[in-house]
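One letter stands for each residue in the lines below.
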Amino acid sequence: MIPLPTPFSQIPRYPLLYPTPSPIHPLPALTTLLTGPNPNQPRQPSPLITLYTKREDQSSPLASSGNKYRKLEYLIPDILSPDPKYGTLAPGPNHGTLTTPPSPSPSPSTTNPRKATTLVTEGALQSNHTIQVTSIANHLHLDSVIILHKATGGGLSASTNKNIFTKTGNVQLARLLGADIRVLDSSTVSASTSTPTTTNPTISQETKTKTKTKTKTKPEDEISSILSTLQTQFPYKSPYWIPSGASLHPLGGLGYARCAFEIAFQEKTHTYLHSLRGTNQPPPRFDYIFVACGSGSTLGGLIAGMKLLEREEEEEEEEKEKEPQRKPDRKIIGILTSPTRDRAYHEERVLGFARQAAGLIGLDAERDIRGEDVCVDERFAGTAYGELDAETREVLGMMAREEAVLLDPVYTGKVVRGMRHWVREGEIARDWVARGGEPGDEVNVLFLHTGGQSALSAYADVM
């Protein structure tokens, strides 16, 4: 049981993960490779860096395990409710909330038209999220409709065998799981809708204007038509809409807010990690956390959870009259996986998700979550979302050979590419000292492996 403070602990959650935390293990070969002498960097005192990974790709017994299960745990109580609060297609920052529900035409025998019978979601052709939603639908004895968008990202256009790309990988798994698959030529709704409401001053008025003009889009109309058809054609369905990645759902950030507490719990109690350090060493603390930033709520939820965790740790130190922790705060670095929008857009989007989660778990959203808490690095996004560029392909091979850890071509390959740069080029060392750390400190770096390897076979022609 991961200890959570109230009111966070009182938010309903349906367990999909294993009862023990997703494993954390060191990456010794990668650590040696990346922290050795670098001819491009002058010799200077630097922290002792050790790399670890948290295996969110091994977090659940359900098919194609990955990080979306952690997020979806907080949606299921609403899905199973006799009168769900969320789950309709609403535009803009209220995407996924019950603001403009379509008018269903249920059969006379239907006593509760709002009780969900069908999960509906969307994603790119090789979406890992859609597989996890389908798995949950099967687990809950519900139907599932997944909407796959050909125009999202560059994976399909870059493929030399488009027939293989549209039939293998996650598409093959979706069919095996029995999903009702709808393929559209458009891009995802979440790629063209506005962000959660936020007051981040860093984004320009021009960016805001462009975002607002795209809140009403063709893919949203197409999906609205699919939802209406499900409700009006026999046999009648009551669809529950889950936005891409569950990010624009109001509860989408809660899973990774909880993950922050799970990481802290493992720091203190993980027998394996402690055994690696020797009996006289203090428990490890993960000072830097690298995670993919796609739709943004994984990063936003982690930021909110870490802020609440820091507050709890400070209060605990005060109660015990302990000396305050002298090391710099943990830093979460989101590696952007799509180059279609600028960093300012994504930073505002993540800030909105972080504040949305913060307000639910007991923080003051505006006061406790600030723009400087969001760190998004756009340098490793590559040529397009879902397109495997040469440098990311090289990183997939490096990780497989050095650690026998398989990455995916869309998210985690780019994250490890970014982490490698931060370590190899001394950026972690410089950031650590700039934030008050000492050059000789031990610094632990954690990579969140969010899954997605099931898409690898679709990329066989470009691997």
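Per an unreviewed UniProt entry, the protein chain is named Tryptophan synthase beta chain-like PALP domain-containing protein, and its organism is Aspergillus carbonarius. Quoted verbatim from the Cofactor (unreviewed entry) field of UniProt, the annotation for the protein chain is "pyridoxal 5'-phosphate".

Turning our eyes to something else, we now look at the overall build of the protein chain. If you tally the helices and strands in the protein chain, you get 17 helices and ten strands. A buried classification covers 57% of the 463 residues belonging to the protein chain. Considering only intrachain contacts with a sequence separation of at least 6, the fraction spanning at least 24 residues in the protein chain is 81%.

The subject of this paragraph is the nonpolar core. Counting 61 residues, the largest nonpolar core has F8, I79, L119, I136, I242, L302 and I361 as its most contacted members. At eight residues, the largest contribution of residues to this core is made by helix α10 (residues 254-269). For I136, the contacting residues outside a window of four places in its chain are L16, L62, Y69, L72, I76 and L119. Within the second largest apolar cluster, 28 residues are counted, among which are L51, F380, L396 and W432.

Every α-helical turn comprises 3.6 residues, leaving residues that sit three or four positions apart pointing alike. If you check helix α16 (residues 412-424), its first and last C-alpha atoms are 18 Å apart, about what 13 residues at 1.5 Å a residue would give, namely 18 Å. The element α16 is extensively covered by neighbouring structure, given that ten of its 13 residues are classed as buried. Three or more residues of α16 are buried, namely T412, G413, K414, V415, V416, R417, G418, M419, W422 and V423. Two residues or fewer past α16, G426 is found with a positive phi of approximately 80°.

Our focus in this paragraph is the sheet that holds strand β3 (residues 118-124). If you trace the four strands from one edge of the open sheet to the other, you get β5-β4-β3-β6, paired in parallel fashion. Edge positions in the open sheet fall to β5 (180-184) and β6 (239-242), since each of these has one partner strand only. Across this sheet, the average inter-strand angle for adjacent strands is 25°, counted without regard to direction. For β3 and strand β4 (residues 143-149), the ladder comprises seven bridges, and the chain directions are parallel. Bridging from a neighbouring strand, T118 pairs with D143 of β4. Packing of helix α4 (residues 128-139) onto the sheet brings it into contact with β3, β4 and β6, and relative to β3 it is tilted by some 165°.

Another aspect to go through is the packing of aromatic side chains. Tallied over the full model, the rule gives eight aromatic pairs. Aromatic pair F8 and F261: ring centres 6.3 Å apart, planes at 75°, arrangement edge-to-face. Linking F8 in the segment before β1 (24-26) with F261 in helix α10, this pair joins segments that are 253 residues apart in sequence. The same class applies to F8 as to F261, namely buried. Summarising the aromatic geometry, the rings of Y52 and F286 are spaced 5.1 Å apart at their centres and angled 80° between planes, so their arrangement reads as edge-to-face. Placement of Y52 in strand β2 (residues 48-55) and of F286 in strand β7 (residues 286-293) is noted, with a sequence separation of 234 residues between them. Take Y52 and F286: they sit in the same class, and that class is buried.

Basis of the calculations
By convention here, each chain's residues receive numbers from 1 onward along its written sequence. A pLDDT threshold of at least 70 governs which residues receive local features in this predicted model, and a stricter bar of 80 or more applies before side-chain atom pairs are shown or counted, although totals over entire chains, interfaces and linings include all residues. Water and hydrogen atoms were dropped before computing side-chain values, which therefore reflect all heavy atoms in the structure. UniProt positions are given in the numbering used here, feature names are shortened, and annotations may be inferred rather than shown by experiment. Runs of H or I in DSSP of at least four residues are treated as helices and runs of E of at least two as strands, each being numbered from the N terminus. Accessibility here uses a 1.4 Å probe with only protein chains present; expressed as a share of the type maximum, an area under 20% marks a residue as buried, one over 50% as exposed, and anything in between as partly exposed. We call two residues in contact when some of their heavy atoms are within 4.5 Å. Take the buried Ala, Val, Leu, Ile, Met, Phe, Trp, Tyr and Cys residues and link them wherever side-chain atoms come within 4.5 Å; each set so joined is a nonpolar core. Each helix should span, by expectation, one fewer than its residue count multiplied by 1.5 Å. Two strands qualify as a pair provided that DSSP identifies no fewer than 2 bridges between them. Only the contacting stretch of a helix is used when fitting its axis, a line to C-alpha atoms as for every element, and angles between N-to-C directions run 0 to 180 degrees. Stacked, edge-to-face and tilted are the three classes for Phe, Tyr and Trp ring pairs, Trp counted by its six-membered ring, which pair at centre distances within 6.5 Å; planes under 30 degrees apart are stacked, over 60 edge-to-face, the rest tilted.

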